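A closer look at the structure
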Amino acid sequence: MTGIPASAAGGSSGARGAASTPGASGATGRSGAKPAKGQAGASVAKSGSGPDAPSGSGPADGQEGARSARGGKLTAAAVNQASVWNVANLLTMLRLLLVPGFVALMLADGGYDPAWRSLAWAAFAIAMITDLFDGHLARTYNLVTDFGKIADPIADKAIMGAALICLSWLGDLPWWVTAVILGREFGITLLRFLVIRYGVIPASRGGKLKTLTQGVAVGMYVLALTGWLATLRFWVMAVAIVLTVVTGLDYVRQAIVLRRRGIAERGAAAEEAER
């Protein structure tokens, strides 16, 4: 009866209704979004990936990681220790065990019996052959160890020294030849130990050739040879002596270079630490 349109009256009442119930509309808006966030937060908290989760799982994970690290170190140490007992190093040890047997055969029955000398030559040949095999196996199958690099030349010198001393003792080889060869061999071995703090000097190709020539020459002297074979062994021994001296000087050069490099690297490291 007032003449106000129904739409306007409805609009006013709707506006008044909306204005009179602000909490309802706000509640309706929050009910569409807020609870979702709360549920997501609850699910994150349950899954242990929320911000507060590391406080409960961190120490356990850290202890487990520490145990894994310690286990890995122990396993690596065990592998490194076991790697020393590989087939190449076992052959080197076999050569060392052959030394006393060779001496016994060489000096049996006065040292001039061809049969005993032949058996001594067989023991000497086995030792020389194992020297070729252990080096090949170590390089082919990655069995090279610091123990092998040091023990291999020692085993070579042990069997070679025993043969040379026996031959000179029996009068088959001049003592000066034994002195030159053994002086070089033990001198280079001592040099290896002196510079081992800076690194290991590996056996060179020249050194291997020297070892092979010495083995052939000494093996020919171990056998009771006569005639032109006795003359031939004299010249083979002469070549072995030349290689012995030349390769010995080369090892001295390598040791000097290795020592200088090691001193320079240590000095550079000390300067870097001071900075």
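Residues numbered from 1 in each chain as written. Predicted model: local features only at pLDDT ≥ 70, side-chain atom pairs only at ≥ 80, totals over all residues. Heavy atoms only, no water.

Let's shift gears to the overall build of the chain. If you tally the helices and strands in the chain, you get 9 helices and 0 strands. Along the chain, from the amino end to the carboxyl end, the secondary structure elements read α-α-α-α-α-α-α-α-α. Every one of the 275 residues in the chain was classed for burial, and the buried ones make up 31%. Summing over all exposed atoms, the chain offers an accessible surface of approximately 16,800 Å²; the carbon and sulfur share of this is 68%. (Helix = DSSP H or I, 4+ residues; strand = E, 2+ residues; numbered from the N terminus. Buried < 20%, exposed > 50% of the residue type's maximum accessible area, 1.4 Å probe, protein only. Areas by Shrake-Rupley, 256 points an atom, 1.4 Å probe, with all protein chains shown as cover.)

Counted at 1.5 Å a residue, the expected span for helix α8 (residues 205–222) with its 18 residues is 26 Å, and the 25 Å between its end C-alpha atoms agrees. Here α8 has its buried residues at G207, K210, T211, T213, Q214, G215, A217, V218, G219, M220, Y221 and V222. Turning to α8, the residues buried within the fold contact α4 (87–106), α5 (114–140), α6 (146–169), α7 (175–194) and α9 (228–274). (Expected span 1.5 Å × (residues − 1). Contact = heavy atoms within 4.5 Å.)

Turning next to the packing of aromatic side chains. Tallied over the entire structure, the rule returns 2 aromatic pairs. On the basis of an interplanar angle of 45° and a centroid distance of 5.8 Å, the ring pair of F102 and F124 is categorised as tilted. A residue pair is termed long-range when its members are at least 10 positions apart, and F102 in helix α4 and F124 in helix α5 qualify at 22 residues. As far as the burial class goes, F102 and F124 line up, both buried. Aromatic pair F234 and W235: ring centres 5.3 Å apart, planes at 80°, arrangement edge-to-face. In this structure F234 comes out as partly exposed when scored by relative accessible area, which is 46%. One residue, R192, lies across the ring of Y251, its end atom 5.2 Å from the ring centre. (Phe/Tyr/Trp six-rings, centres within 6.5 Å; stacked < 30°, edge-to-face > 60°. Lys NZ or Arg CZ within 6 Å of the ring centre and 35° of its normal.)

Each pair of packed helices gets described by two things: the angle between the helix axes and the distance between those axes. One way to put it is that α5 packs onto α8 with a least axis distance of 9 Å and a crossing angle of 170°. With respect to their mutual orientation, α5 and α8 come out roughly antiparallel. Of the residues in α8, those in contact with R117, A120, W121, F124, M128 and D131 of α5 are K208, T211, G215, V218, G219, Y221 and V222. (Axes fitted to C-alpha atoms, helices over the stretch in contact; angles between N-to-C directions. Parallel < 35°, antiparallel > 145°, perpendicular 65-115°, else oblique.)

This part is about a positive patch on the surface. Residues R197, R259, R260 and R266 make up a contiguous surface patch of positive charge. Tracing the backbone through its elements, the reader meets R259 in helix α9. On the basis of relative accessible area, R259 is assigned to the partly exposed category, the value being 44%. (Patch = residues over 30% accessible without salt bridge, like charges linked within 9 Å, V, L, I, M, F, W, Y side chains within 5 Å. Salt bridge = Lys/Arg side-chain N within 4 Å of Asp/Glu carboxyl O. Lys, Arg positive; Asp, Glu negative; His and termini not counted. Charge placed at Lys NZ, Arg CZ, Asp CG, Glu CD.)

Positive phi, close to 55°, is recorded for D109, a residue that is not glycine. With respect to the helices, strands and loops of the structure, D109 is situated in the loop between α4 and α5.

Let us look at the pattern of salt bridges. Pairs may arise between side chains of opposite charge once their charged atoms sit close together. Scanning the entire structure with this criterion turns up 5 salt bridges. Between D172 and R117 there is a salt bridge; the shortest N-O distance is 2.9 Å. Of this pair, D172 sits in the loop between α6 and α7 while R117 sits in helix α5, and the two are 55 residues apart along the sequence. A relative accessible area of 5% means that R117 is categorised as buried. Here R184 and E185 are joined by a salt bridge, their closest N and O atoms 3.1 Å apart. Neither R184 nor E185 differs from the other in exposure class; each is buried. Each member of the salt-bridge network shares a partner with another, and the members are K157, R184, E185 and K210.

Along the chain, the position of I263 falls in helix α9. Along the backbone, I263 and Y198 are 65 residues apart, and their C-alpha atoms lie at a distance of 7.9 Å.

When the pLDDT values of the chain are averaged, the result is 74; 70% of them are 70 or greater. pLDDT under 50 marks residues 1–60. Its contacts with residues more than four places away, or in other chains, come to 6 contacts. Every residue in residues 73–82 scores below 50 in pLDDT, and together they form 0 contacts with partners more than four places removed in sequence or on other chains. (pLDDT = per-residue confidence, 0-100.)

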